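# What the coordinates show
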Amino acid sequence: SDTLSKIYFVDDLGVELSSKIETKEINGKTVYYVNENYLVACFDQEITEETITQIAKEKPYYFVMRDSGFANDSVATNFEQIFTTYSAETVRKVL
């Protein structure tokens, strides 16, 4: 389930499980913010370049999403370039 996935990755990245988790909606997708911008995650489907760009512009330390979440192959192909352009330092994890 999404909740278990979130808990696993929060724990895996060295974030306390008691950390503050907020949700925001970006382009109709639910995006989770743990300890503000330390860890940002989106587990929705059909994530577009616009959504990824908006998240990258927020410069999270970590960003996590599902491989199956990309809207299409073009978004998957451009994912790294979007982060390189807007937030090269972000550690990205696609599952």
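Residues numbered from 1 in each chain as written. Predicted model: local features only at pLDDT ≥ 70, side-chain atom pairs only at ≥ 80, totals over all residues. Heavy atoms only, no water.

### Some remarks on helix α2 (residues 49–57)
Those residues of α2 that fall on the buried side of the exposure criterion are T51, I52, T53, I55 and A56. Contacts from the buried residues of α2 go to β1 (21–26), β2 (29–34), β3 (39–42), β4 (62–65) and α3 (73–87). (Buried < 20%, exposed > 50% of the residue type's maximum accessible area, 1.4 Å probe, protein only. Helix = DSSP H or I, 4+ residues; strand = E, 2+ residues; numbered from the N terminus. Contact = heavy atoms within 4.5 Å.)

### With respect to a nonpolar patch on the surface
On the surface, a nonpolar cluster with roughly 260 Å² of combined accessible area is contributed by Y38, Y61 and V91. Of note, V91 is situated in strand β5 (residues 91–94). Overall, the relative accessible area of 37% leaves V91 in the partly exposed class. (Patch = residues over 30% accessible without salt bridge, like charges linked within 9 Å, V, L, I, M, F, W, Y side chains within 5 Å. Areas by Shrake-Rupley, 256 points an atom, 1.4 Å probe, with all protein chains shown as cover. Salt bridge = Lys/Arg side-chain N within 4 Å of Asp/Glu carboxyl O.)

### Some words on the side chain of T51
Locating T51 in the fold gives a position in helix α2. A distance of 3.1 Å separates polar atoms of two side chains, one belonging to T51 and the other to N27. Each residue touching T51, except ones within four places of it in the same chain, is listed here: I26, N27 and K29. (Polar contact = N/O pair within 3.5 Å; in protein donor to acceptor, adjacent residues only side chain to side chain.)

### Digging into the pairing of β2
Across the 6 residues of β2, 5 count as buried, placing the element largely inside the fold. Here β1 pairs with β2 via 6 bridges, running antiparallel. Within β2, the residue paired with E22 across the bridge is Y33. Counted along the chain from β1 to the antiparallel partner β2, the turn is 2 residues long, and its residue N27 has a positive phi close to 50 degrees. Pairing geometry for β2 and β3, over 3 bridges, is antiparallel. Note on β3: the bridge partner recorded for V34 is L39. What sits between the antiparallel neighbours β2 and β3 is a turn of 4 residues, in which N35 has the positive phi angle 50 degrees. (Pairing = 2+ DSSP bridges.)

### Some remarks on the nonpolar core
Counting 16 residues, the largest nonpolar core has V31, I52, I55, F63, M65, F79 and F83 as its most contacted members. Of all the secondary structure elements, the ones that give two or more residues to this core are β2, β3, α2, β4 and α3. Examining the composition of this core, we find that 4 residues originate from one element, α3, more than from any other. Discounting chain neighbours no more than four positions away, the residues touching F83 are I52, I55, A56, P60, F63, A88, T90 and R92. (Core = buried A, V, L, I, M, F, W, Y, C linked by side-chain atoms within 4.5 Å.)

Scope: geometric values only; no functional claims are made or implied.
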